[in-house]
Amino acid sequence: MKIFTGSSNPQLAAKIATYLNTRVGDSQLKHFSDGEIWFKYNENIRGCDVFLMQSTQPPAEHLMELLIMIDAAKRSSAKRITAVIPYFGYARQDRKDQPRVAITAKLVADLVDAAGADRVLTMDLHAAQIQGFFNIPFDHLYASAIFMEFFKSKEIPELCVVAPDIGAMKMARAYADTLGASLAVVDKRRPSQNISEVMNIIGDVKGFNILLVDDLIDTGGSLTQAAVAMKAAGAKDIYACCTHGLLSGDAVERIEKSPICEFVMTDTVPMRQGVKSEKIRILTASKLIGESIRRIYNEESISSLFINQK
Ligand code: R5P
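Residues numbered from 1 in each chain as written. Predicted model: local features only at pLDDT ≥ 70, side-chain atom pairs only at ≥ 80, totals over all residues. Heavy atoms only, no water.

Draft legend 1. Region of the structure containing the nonpolar core. Counting residues in each nonpolar core, the largest one holds 42 residues, and the members touching the most others are Phe-151, Val-161, Tyr-175, Leu-211, Ile-289 and Ile-293. Residue contacts for Phe-151: discarding those within four places in its chain leaves Ile-156, Leu-179, Leu-211, Tyr-239, Ala-240, Cys-241 and Val-264. Ala-72, Phe-88, Val-108 and Ala-117 belong to the second largest nonpolar core, which has 34 residues in total. (Core = buried A, V, L, I, M, F, W, Y, C linked by side-chain atoms within 4.5 Å. Buried < 20%, exposed > 50% of the residue type's maximum accessible area, 1.4 Å probe, protein only. Contact = heavy atoms within 4.5 Å.)

Pasting the structure below:
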């Protein structure tokens, strides 16, 4: 087994390697003067089971790096290439929701496939059915395994799990079932890409402590608006968790100013340097991903890692 990383999240790759009691393989990433990417494995990988770590958050160079790493591994006669993509970007465009638009999730799946990956390991896809865009084996992990343990230990009374939009409903239901909480959902509209509006709250939140759950936070608009709506509807303490904290623009400031008392996310996407927040807590996904890599390598079950996932 050999693990290599691109530049999108080397910190997470290092933690995963530590979990697996190994090291991140030696490779070289360089750029031509115009920015083109050049990549080389500095050690022999012929006949190896290689795991290439790369989250594909912007810029798109991260995706390009991954494709180049896969191609280089294929041409170096690796026995099996697993693209480990903790955060699978470009997944929000997963269908034609209006005329004359692209389905980027399918495009990226085709690119990873065409580059020569033999299998994919990722976590909390924006929509689980994106797995079907690939024609290779696909392992899908759930960060809820990390978050549920955390929130269970907090023993928050009168808890209501809230989905900030209909898309997060299934995930929210799984949390509610496991945490013995009630369930509510926000009816959100998106008049344009990064603008969201809360229309209604479906369910009872008055007098409850709230746990908002989502797969990703970009501008923080959906989450913080949902939190404001919860407070206005009479909710008590508001907690939130999300798998992929992209936290673009002034998302961190928004969270800071929101009624959310604690926001928990994983490290699938690294925090921008210098960004600090008292409210934000990061739980590492390295053990879950590392254990999954170990199981893939040993041909063991991955589904048995999860409880209550539908
Ligand atoms: C939407 O379907 C997603 O699950 C997130 O709620 C959304 O993409 C977050 O975006 P933002 O933080 O910009 O509102």
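Now, onward.
Draft legend 2. Highlighting the site of the ligand. Residues in contact with the ligand amount to 15 residues; listed here are only the nearest, Asp-214, Asp-215, Thr-219, Gly-220 and Ser-222. Residue Asp-214 places a side-chain N or O atom 2.5 Å away from an oxygen atom belonging to the ligand. Contact distances for the ligand include 2.6 Å between an oxygen atom and a side-chain N or O atom of Asp-215. Across the complex, the protein chains shield 92% of the 380 Å² of accessible surface that the ligand would expose by itself. Of all the cavities here, the one that holds the ligand is the largest pocket. By residue number, the principal contributor to the shell around the ligand is strand β11 (residues 209–217), which donates 4 residues. Classifying every residue of the shell around the ligand by side-chain character gives 2 nonpolar, 6 polar and 7 charged. (Near = heavy atom within 4 Å. Polar contact = N/O pair within 3.5 Å; in protein donor to acceptor, adjacent residues only side chain to side chain. Areas by Shrake-Rupley, 256 points an atom, 1.4 Å probe, with all protein chains shown as cover. 1 Å grid on protein atoms, 1.4 Å probe; cavity = no way out; pocket = protein on both sides within 12 Å on 5 of 7 lines; lining within 4 Å. Sits in = over half its atoms within 2 Å of the grid points. Helix = DSSP H or I, 4+ residues; strand = E, 2+ residues; numbered from the N terminus. Nonpolar A, V, L, I, M, F, W, Y, C, P; charged D, E, K, R; others polar.)

Draft legend 3. Structural detail: helix α4 (residues 144–154). Looking at α4, one finds that the buried residues are Ser-144, Ile-146, Phe-147, Met-148, Phe-150 and Phe-151. Next to the buried residues of α4 lie α5 (169–179), β11, β12 (238–245), β13 (260–266), β14 (280–283) and α8 (286–297). Of the residues one or two after α4, Glu-155 is the one with positive phi, at around 45 degrees.

Draft legend 4. The arrangement of the sheet that holds strand β7 (residues 138–141) in detail. Taken in spatial order, the 5 strands line up as β1-β4-β5-β6-β7 in an open sheet, and their pairing is parallel. Each edge of the open sheet carries a strand with a single partner, namely β1 (2–5) and β7. The average undirected angle you get between the axes of adjacent strands in this sheet is 20 degrees. Pairing between strand β5 (residues 80–85) and strand β6 (residues 119–123): 4 bridges, direction parallel. Bridge assignment links Val-84 to a residue of β6, and that residue is Leu-121. Of the strands in this sheet, β4 (49–53), β5, β6 and β7 are in contact with α8, which crosses β6 at around 155 degrees. (Pairing = 2+ DSSP bridges. Axes fitted to C-alpha atoms, helices over the stretch in contact; angles between N-to-C directions.)

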